[in-house]
Amino acid sequence: LDSSEPPRAHIPFPVTRSTVGAAAATVPSTYLAVRSTLKAVSENSATMSAGLTEAIGSMGAEMRTDIRNYITAGDDQQWSGLPQGMVAIHCTHSNLMKKMIELKFDLHTTIGDLKARLHMHCGTPASAQRLILRDGGQDIAHLDDDSKMMGFYSIESGMTIHIIDTDPFSMSRGGGLEDVSLIQKYKMDDETYEARKGTVRQWIKEQKEADPNWKPPKQNNFSGNPWQKQPPPAPGAAEEIETGPETVVGMEVGMRCECQPGARRGEIAYVGEVAGLSGGGHWLGVRFDEPVGRSNGVVKGETIFECMERYGGFLRGKNVTVGDFPEAELDLEDTDEEEDEL
């Protein structure tokens, strides 16, 4: 709106094709008179349409006529770029929602050839097409003679040819070519799937036959490959978690730290035992820099340390490294629960 040239915009009232006369020359000065109003309205896109309607409603009849003439000044030049003897027409179909815009044809094309080309656009065979020529929504001719050329019917650019599908069994009827909900999806029945080899179901059965206590392995989200399976633990080699005071030696409240899994950073807010946590032993209460924890520092109603919701966590010493760890970028990667973090 800051340009010295008036914009060619859509105006919310009906316009007709007309030629421009002397009134169009007065539009720049007329436009300048309302530009401040339009500029103020355009700052808020949500009220643009209502504001334009109000601004135009406040204009006089002569001013509205001048603007209408200016906007429609080039309408008669819309098809000037087409080669001589060519037309651009729109096409609609009795069974289809879509509208085919500006299809270009030579006026020497016969109606029979026209139907053959329209078959490629709408799927209706030429033998099942009945064509009606329309202009401005009004029927003006029936294109019934396949031997006649399009020029015989005085077809002009911008007109519409409506295609009526006369085939009672046409697959375009009832949305057959547009409504995807009518497409029958393939669904394999249980018996067919059961008979297939190399399926997930077959693999699970084989694992359970070899070990009745077998369970699918958890996905490993910390190895760089989220689909890598966890290595199976050795039989009878369950790791015993150390919880004694030696696991938190050298760690004090106020120290910066980095916590695993996830390389989450923060500072130590508590060191010692927490009666309300299962497993007993010594814990480190960490106040994270970002909401990547599972706690707010409260355990069973007792405030161990203060922090916002999800900014705190209780971890074992083996998962915490103290040192120079400035605030890092946020990493909200979901993790599997660990039995040594609460």
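Residues numbered from 1 in each chain as written. Predicted model: local features only at pLDDT ≥ 70, side-chain atom pairs only at ≥ 80, totals over all residues. Heavy atoms only, no water.

1. Quick word on the pattern of salt bridges
Considering all chains together, one arrives at 8 salt bridges under this definition. Its salt-bridge partner being Arg134, residue Asp139 comes within 2.7 Å of it at the nearest N-O pair. Taking relative accessible area as the criterion, Asp139 reaches 45% and is therefore assigned partly exposed. For the salt bridge of Asp190 with Arg201, the shortest nitrogen-to-oxygen distance reads 3.3 Å. Residue Asp190 is located in helix H5 (residues 190-195), and its partner Arg201 is located in helix H6 (residues 200-210); the two are separated by 11 residues in the primary sequence. Among the residues examined, Arg201 registers a relative accessible area of 30% and is labelled partly exposed. Salt bridges sharing common partners tie together Asp190, Glu194, Arg201 and Lys205. (Salt bridge = Lys/Arg side-chain N within 4 Å of Asp/Glu carboxyl O. Buried < 20%, exposed > 50% of the residue type's maximum accessible area, 1.4 Å probe, protein only. Helix = DSSP H or I, 4+ residues; strand = E, 2+ residues; numbered from the N terminus.)

2. Considerations on the packing of aromatic side chains
All told, the structure shown has 3 aromatic pairs when counted by the stated rule. Taking the centre distance of 5.2 Å and the plane angle of 90° together, the rings of Phe152 and Tyr153 count as edge-to-face. You can call Phe152 exposed: its relative accessible area is 53%. Across from the ring centre of Phe152, 4.5 Å away, lies the NZ or CZ of Lys148, which sits over that ring. Its guanidinium or amino end placed over the ring of Trp283, Arg316 lies 3.6 Å from that ring's centre, counting from NZ or CZ. (Phe/Tyr/Trp six-rings, centres within 6.5 Å; stacked < 30°, edge-to-face > 60°. Lys NZ or Arg CZ within 6 Å of the ring centre and 35° of its normal.)

3. Focus: the confidence of the model for the protein chain
Chain-level statistics for the protein chain give a pLDDT mean of 80 and a share of 75% at 70 or above. Throughout residues 1-27 the model reports pLDDT below 50, and contacts reaching past four residues in sequence, or to other chains, amount to 47 contacts. (pLDDT = per-residue confidence, 0-100. Contact = heavy atoms within 4.5 Å.)

4. Here's the deal with the environment of Phe105
For Phe105, the position within the fold is in strand E2 (residues 100-106). Residue classification places Phe105 among the buried residues on the basis of a relative accessible area of 0%. For the pair Phe105 and Ala88, spaced 17 residues apart in the sequence, the C-alpha separation amounts to 6.5 Å. Setting aside residues no more than four positions away along its own chain, Phe105 makes contact with Gly85, Met86, Val87, Ile89, Leu114, Arg117, Leu118 and Met150.

5. Things to note about the sheet that holds strand E3 (residues 129-135)
Reading across the sheet, the 5 strands line up as E2-E1-E5-E3-E4 and stay open at both edges, with mixed pairing between neighbours. The sheet is open, and its two borders are formed by E2 and strand E4 (138-143), each paired with just one other strand. With direction set aside, neighbouring strand axes in the sheet form an average angle of 35°. Of the strand pairs in this sheet, E3 and strand E5 (residues 160-165) are connected by 6 bridges, and their pairing is antiparallel. (Pairing = 2+ DSSP bridges. Axes fitted to C-alpha atoms, helices over the stretch in contact; angles between N-to-C directions.)

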